[in-house]
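Examination of the molecular architecture
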Protein chains: 4
Amino acid sequence: MKISKVGLFGKFNDDNIGDTVAEIRQLLQHNNLKVLLGGTTSTAIDGERLDDHKQPLAELIDLAIVVGGDGTMLSVARNLAKHNIPAIGINLGRLGFLADIAVHDLGASLRAILRGDYHIEQRTLLTTEVGLQNEIRYRGDSVNDAAISKGNSGRLIEFEIRVNGQFLSHIRSDGVIIATPTGSTAYSLSAGGPIIYPTLPVFIVSPICPHTLSNRPIVLDHNAHIEIASMVFAETPANLSLDGVIACKLHGDEVVRVRKAAETWSMIRINQHNHFETLRSKLGWNE
Amino acid sequence: MKISKVGLFGKFNDDNIGDTVAEIRQLLQHNNLKVLLGGTTSTAIDGERLDDHKQPLAELIDLAIVVGGDGTMLSVARNLAKHNIPAIGINLGRLGFLADIAVHDLGASLRAILRGDYHIEQRTLLTTEVGLQNEIRYRGDSVNDAAISKGNSGRLIEFEIRVNGQFLSHIRSDGVIIATPTGSTAYSLSAGGPIIYPTLPVFIVSPICPHTLSNRPIVLDHNAHIEIASMVFAETPANLSLDGVIACKLHGDEVVRVRKAAETWSMIRINQHNHFETLRSKLGWNE
Amino acid sequence: MKISKVGLFGKFNDDNIGDTVAEIRQLLQHNNLKVLLGGTTSTAIDGERLDDHKQPLAELIDLAIVVGGDGTMLSVARNLAKHNIPAIGINLGRLGFLADIAVHDLGASLRAILRGDYHIEQRTLLTTEVGLQNEIRYRGDSVNDAAISKGNSGRLIEFEIRVNGQFLSHIRSDGVIIATPTGSTAYSLSAGGPIIYPTLPVFIVSPICPHTLSNRPIVLDHNAHIEIASMVFAETPANLSLDGVIACKLHGDEVVRVRKAAETWSMIRINQHNHFETLRSKLGWNE
Amino acid sequence: MKISKVGLFGKFNDDNIGDTVAEIRQLLQHNNLKVLLGGTTSTAIDGERLDDHKQPLAELIDLAIVVGGDGTMLSVARNLAKHNIPAIGINLGRLGFLADIAVHDLGASLRAILRGDYHIEQRTLLTTEVGLQNEIRYRGDSVNDAAISKGNSGRLIEFEIRVNGQFLSHIRSDGVIIATPTGSTAYSLSAGGPIIYPTLPVFIVSPICPHTLSNRPIVLDHNAHIEIASMVFAETPANLSLDGVIACKLHGDEVVRVRKAAETWSMIRINQHNHFETLRSKLGWNE
């Protein structure tokens, strides 16, 4: 992969990171890279923007540098996946699972990338569809997870989980999270799910506060077609969230189908990168 | 305690339990007890009703017999607490933690009660107040728990827990449950809380899917004044639920104060009653 | 696969299952199958035995039928793996995860197998080696798990986990379990590990009662080389157990290496078999 | 309480803390306190020792200052309980739940104590007896917990828990921990138990890796008589540990009885002490 044009994606609409963006742009230009600002970057920050161009993204940039936290990274990753553009995440002070490069390490990381001392990690995305009878009411992709949760209700919800058409279980709980390995250290972890090495070909289905104490997280093949159906909500609609953003309301008669997305997203990893170091630091294992 | 008048509280608005109610009434009348139907009982079921009388409840009945599940029992218990009338719970087939007497055992239980072979368990109630500046916007009691949960949001909420004015912790989670020992086997258990013997003078504070994995359930003195404050909700209002029913919306600038209610409620226990037997059966320990 | 000779492996040294063994043998012979009794079968039970023959096992039998519980199945599976002989498990009344066919269903299952209505599930085995300096002190295989546990000590042990030579974490705990997907529903589940679909290419590393609450189970690639090293035991030697049987004592200066075994074992699954049904039944999800 | 004589208990047999001990002694003597070295202090450290005197401890010292970690504190506390001498814990750099005063804060804490600006927290101890038929084979006290664990075995153990003579549950697990509130942040926490405010009148019974997933920690009255009986150990004896030290071997036919000790131990708390601060720091809630 030859890298000559870089998209610089700033933290969503954040006006205060202008200096950091300027500093990174300067560093990139010093390395003879053309820089275009990505759509998440606040328009208050000066610079030529991707949006000024009509061409497909893949013709405009070879690499995306995301400057923000894991949230910005998730949002950019979902968009880049279909263009097959690799991304790298720079954090603004607080280490992220995805934005795991400190600003002051960007120079060294960039040199490593430019000399080819990197590899690409293909990360799985989820495609979630909400079907009602024969119609598809909603379709969306997510990097971390798809979650169904009870919404404005004090009571638990009920639903069935089916895997490749087979009945897995009937659950009464606050909801359920279907997570990729990337998402295993996000919401699913809080719900009791395991940590999963990011490139493994699996999904994890984690019930949220299940009534039956033996309803434990289940690791399934990432080729599995997972369905949440026969939903019963006591009081009000439930919510489907993708990567922590509500995607649509559920009324109970829908079927929510979750499967591996057609596209993956490409995370650039310089070869000395160590995922375990991030784990130790984020989860406080070093003390 | 002399028992001569009994309030019979049927499952909330359920028309189908007329035969069971009739059968129980007959049994009670055979034992020379006067029977009045309580407010939860469907008006489609015949009989003299408590609502037909103007006197205070404590003059009308000496004992409440609740025929339903734990939900009906919770609702009746909240109301009886201030009148100091003891209650006993009959289930309609499915054993409850509170409604733990089978219909076919009612005769024996009743004889035991009438011959004085029982004791009264005082169960703690919670009083929850929602304060905004110097005003109290909401006040309500609950038997099991008070829960703050994130509502229609895909993101976690943030809040502080204070105990007797002292800062305990800052939590990022889906919410938090403050439960009585009675409620320890309900929602709190699903959230990872311990089982608490029902008459112990403690509360349990269980975070729901906390982001920080060491935010574990905490058992506090039931005289503690617990405050949830400095709440931050990403998208939409959060909910305060009492015993699984939404009591009010929270916007973030309120302080939610939870403490022991002034009244307790009295649960009649025939002396041969065994709480551990209910635990084993409900939690599947017998297999 | 043509099946004409069957090894019948009875519950280890159990004299009381003679009738069941006789009944099954009769059924097999009715189907024109030659039957040889496997080594686990009590010698008090009559019949021609595999041990009476000198040939390699693969020449003597095409299929192993194990009559016992999961324990017997584990033991037979370890032995059959190197001979590539598929096995099927019949339970003696109590459903197992491996011995999941009831005696009274054996006839139907057998007919399905004989007409080819089955598939073979390849299940991963673990090979565990205990190295001391350049020497290998112990090597053994297991179907469910390899566990290091503290032995006769009231204190926790310390150790490092390394994956493919990289440092993963330093743990202080009662021990650690490395489990296959098959073993995910055994000891690892009790230690808080997830349920893993049996054929997935992963291992799970579950710490036992870790001191640091964020030391959660981790799912790794089944090609990973996992090392437990830098072990510190306060008082007494620790134990390495394979499938719940102590394999050797550890003194702390060893390195325990766990990786996928060269052989897998073959589990026969009639096509209508449903793993989820076993999960639901074993974990009490049906109630 | 008038304080004029202080026992100084150093970390068990540690020769390297001579300087710290000397420094603390000097501080105490400056405040006109007589100092005697307690039995845990290494004899390589100079000074008049408690062991040089024949009188009962209560006549020799008014206060114990423990310089070490929680382990030293546990050991001193068990001994002081019967003499009713209050203790305070100074840590050697690493904050403890009990040894929660930094050396450099000792001056301020001491002044607070000398001017009466403190209160005494009564902490419950456990008395554990091992009975065999009508004989008591072992009796010992503990501050944190009594634990039964499986010893040199790869298999789980079985036992019954009885409370005040009533059957609570039959458990199959790696063992069980009965903990005081003080011990709730030690071993029990690792096994999934809740955090309990230190002065509450309860015990917690936490199974260790229970086979049945609904066997959750149970909080009981501290006046409860807890019995572990009908023990079945597959291979080898199990262990009874008190505060992490093996007290005796168990062969299965014993009954282990755990109850509140006759004595409590007195922990001195300067009034500005904040238990929650220690919790936050020890459990990493501050980040």
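Thresholds applied
Residues numbered from 1 in each chain as written. Chains lettered and ligands numbered in written order. Predicted model: local features only at pLDDT ≥ 70, side-chain atom pairs only at ≥ 80, totals over all residues. Heavy atoms only, no water. Helix = DSSP H or I, 4+ residues; strand = E, 2+ residues; numbered from the N terminus. Buried < 20%, exposed > 50% of the residue type's maximum accessible area, 1.4 Å probe, protein only. Contact = heavy atoms within 4.5 Å. Areas by Shrake-Rupley, 256 points an atom, 1.4 Å probe, with all protein chains shown as cover. Expected span 1.5 Å × (residues − 1). Arc of directions from axis to C-beta. Salt bridge = Lys/Arg side-chain N within 4 Å of Asp/Glu carboxyl O. Buried area = accessible area lost by both parts, 1.4 Å probe. Pairing = 2+ DSSP bridges. 1 Å grid on protein atoms, 1.4 Å probe; cavity = no way out; pocket = protein on both sides within 12 Å on 5 of 7 lines; lining within 4 Å. Points joined across faces, edges and corners; volume = space filled by probe spheres on them. Nonpolar A, V, L, I, M, F, W, Y, C, P; charged D, E, K, R; others polar. Axes fitted to C-alpha atoms, helices over the stretch in contact; angles between N-to-C directions. Left-handed = near helix turned anticlockwise from the far one by under 90°. Right-handed = clockwise from strand over helix to strand, strands pointing away. Domains from an automatic or database assignment. Phe/Tyr/Trp six-rings, centres within 6.5 Å; stacked < 30°, edge-to-face > 60°. Polar contact = N/O pair within 3.5 Å; in protein donor to acceptor, adjacent residues only side chain to side chain.

Of regular secondary structure, chain A possesses six helices and 18 strands. With respect to the three principal axes, the spread of C-alpha positions in chain A is 60 × 45 × 35 Å. By residue count, 61% of the 287 residues in chain A fall in the buried class. Of the contacts made within chain A by residues no fewer than 6 positions apart, 66% connect residues no fewer than 24 positions apart. A total accessible area of about 11200 Å² is found for chain A, and carbon and sulfur atoms account for 45% of it.

Helical geometry note: an α-helix holds 3.6 residues per turn, so side chains three or four residues apart project in the same direction. Residues and elements named next belong to chain B. With 13 residues, helix H1 (residues 18-30) extends 18 Å from end C-alpha to end C-alpha; this agrees with the ideal 18 Å at 1.5 Å per step. Listing the buried residues of H1 in full gives Thr20, Val21, Ile24, Arg25 and Leu28. Down the axis, H1 shows its buried residues gathered within 130° of arc, on one side only. Opposite its buried face, H1 presents the exposed residues Asp19 and His30, each directed more than 90 degrees away. Elements in contact with the buried residues of H1: strand S1 (5-10), strand S2 (34-37), strand S3 (63-68) and helix H4 (106-114). Just downstream of H1, Asn32 is the residue with a positive phi angle, here 65°.

Under the criterion given, the structure shown has 65 salt bridges over all chains. Residue Arg139 of chain A pairs with Glu129 of chain A through a salt bridge whose shortest N-O separation is 2.9 Å. Here Arg139 of chain A, found in strand S7 (residues 135-142), pairs with Glu129 of chain A, found in strand S6 (residues 118-132); they are ten residues apart in sequence, far enough to count as distant. Residue class for Glu129 of chain A comes out buried when judged on its relative accessible area of 7%. One salt bridge connects Asp243 of chain C with Arg78 of chain C, and the closest N-O pair in it is separated by 2.3 Å.

Contacts between the two partners involve 32 residues from chain C, matched on the other side by 32 residues from chain A. Both faces considered, chain C and chain A share a buried interface measuring about 2700 Å² in area, 60% of it formed by carbon and sulfur atoms. When the buried surface of chain C facing chain A is broken down by residue, Arg216, Phe276 and Trp285 of chain C rank first, second and third, together holding 24% of it. Run the count over chain C and chain A and you get zero salt bridges. Counting residues per element, the ones that place at least two in the side of chain C that touches chain A are strand S10 (166-173), strand S12 (195-196), strand S14 (218-221) and helix H6 (275-282) of chain C. Examined bridge by bridge, strand S12 (residues 195-196) of chain A and S14 of chain C share two bridges and lie parallel to one another. Note that in S14 of chain C the partner of Ile195 of chain A across the bridge is Ile218 of chain C.

What follows concerns the environment of Ser188 of chain A. Residues and elements named next belong to chain A. Mapped onto the fold, Ser188 is located in helix H5 (residues 187-190). Judged by its relative accessible area of 0%, Ser188 is buried. With eleven residues separating them along the chain, Ser188 and Ile177 place their C-alpha atoms 6.3 Å apart. Once you skip the residues sitting within four places of it in the chain, Ser188 turns out to touch Ile177, Ala179, Gly183, Gly193, Ile204 and Ser206.

On to empty space enclosed by the protein, then. This structure, assessed with the given rule, holds eleven cavities of 30 Å³ or more. Quantified by volume, the largest cavity comes out at close to 1300 Å³. The set of elements that each furnish at least two residues to the lining of the largest cavity consists of H5 of chain A, helix H5 (187-190) of chain C together with helix H5 (187-190) of chain D. When its residues are assigned to classes, the lining of the largest cavity shows 28 nonpolar, 13 polar and four charged.

This brings us to the packing of H1 of chain B against H4 of chain B. Residue and element names in this part refer to chain B. With their axes 11 Å apart at the nearest point, H1 and H4 run at an angle of 30° to one another. As H1 packs across H4, the resulting crossing turns out to be right-handed. Contacts between H1 and H4 involve Ile24, Leu27 and Leu28 on the former and, on the latter, Leu106, Gly107 and Leu110. Across the contact of H1 with H4, the residue classes tally to five nonpolar, one polar and no charged.

Right, let's talk about the pairing of strand S1 (residues 5-10) of chain D for a bit. Residues and elements named next belong to chain D. Counting buried positions along S1 yields five of six residues, so the element is predominantly enclosed. Examined bridge by bridge, S1 and strand S2 (residues 34-37) share four bridges and lie parallel to one another. When the bridges of S2 are listed, Leu8 appears paired with Leu37. Taking the sense of rotation as the criterion, the β-α-β connection linking S1, helix H1 (residues 18-30) and S2 turns out right-handed. Bridge count between S1 and strand S3 (residues 63-68): five bridges; the pairing is parallel. Across the sheet, the residue bridging to Phe9 is Val66, located in S3.

The next thing to look at is the sheet that holds strand S13 (residues 202-208) of chain A. The seven strands lie next to each other as S17(A)-S16(A)-S8(A)-S11(A)-S13(A)-S14(A)-S12(C), forming an open sheet whose pairing is mixed. Each having just a single partner strand, strand S17 (245-250) of chain A together with S12 of chain C make up the two edges of the open sheet. Two elements, strand S16 (residues 238-242) of chain A and S17 of chain A, share five bridges in a ladder whose sense is antiparallel. Across the sheet, the residue bridging to Leu242 of chain A is Val245 of chain A, located in S17 of chain A.

A word on the domain arrangement of chain A. Residue and element names in this part refer to chain A. Taken domain by domain, chain A consists of domain 1 (5-117 + 271-283) and domain 2 (125-263). Placing the centre of domain 1 and that of domain 2 at their C-alpha centroids yields a distance of 30 Å. Listed by partner, the interface residues are eleven residues for domain 1 and 13 residues for domain 2. Buried area between domain 1 and domain 2, summed over both chains or domains, comes out near 980 Å², and the portion from carbon and sulfur atoms is 80%. Three residues stand out in domain 1 for area buried against domain 2, namely Leu74, Arg78 and His275, and they jointly supply 47% of the buried area on that side. Taken together, the links from domain 1 to domain 2 amount to one salt bridge.

Residues and elements named next belong to chain A. Going through the model one piece at a time under the given rule, you end up with four aromatic pairs over all chains. Consider the rings of Tyr197 and Phe276, whose centres lie 5.8 Å apart with planes at 70°: the pair is edge-to-face. On the criterion of sequence distance, the pair formed by Tyr197 in the loop between S12 and S13 and Phe276 in helix H6 (residues 275-282) is long-range, its members being 79 residues apart. Residue Tyr197 is classed as partly exposed on the basis of its relative accessible area of 25%.

Here we come to the sheet that holds strand S14 (residues 218-221) of chain D. Pairing within the open sheet is mixed, and its seven strands lie in the order S12(B)-S14(D)-S13(D)-S11(D)-S8(D)-S16(D)-S17(D). Looking at which strands have only one partner, the edges of the open sheet turn out to be strand S12 (195-196) of chain B together with strand S17 (245-250) of chain D.

All right, on to the side chain of Asp100 of chain B then. Residues and elements named next belong to chain B. Its location among the elements puts Asp100 in the loop between strand S4 (87-91) and strand S5 (101-102). Owing to a relative accessible area of 14%, Asp100 belongs among the buried residues under this scheme. Side chain to side chain, Asp100 and Arg269 meet in a polar contact 2.9 Å long. Beyond its immediate stretch of four places on either side in the chain, Asp100 contacts Gly89, Asn91, Leu95, Arg269, His273 and Thr278.

Relative to the helices and strands, Trp285 of chain A resides in the segment after H6. Remark: the alpha-carbon pair of Trp285 of chain A and Ile195 of chain A, spanning 90 residues in sequence, is separated by 13 Å. Apart from the residues lying within four places of it in its own chain, the contact partners of Trp285 of chain A are Ile195, Leu279 and Arg280 of chain A together with Leu168, Ser169, Thr212, Ser214, Asn215, Arg216 and Ile218 of chain C.

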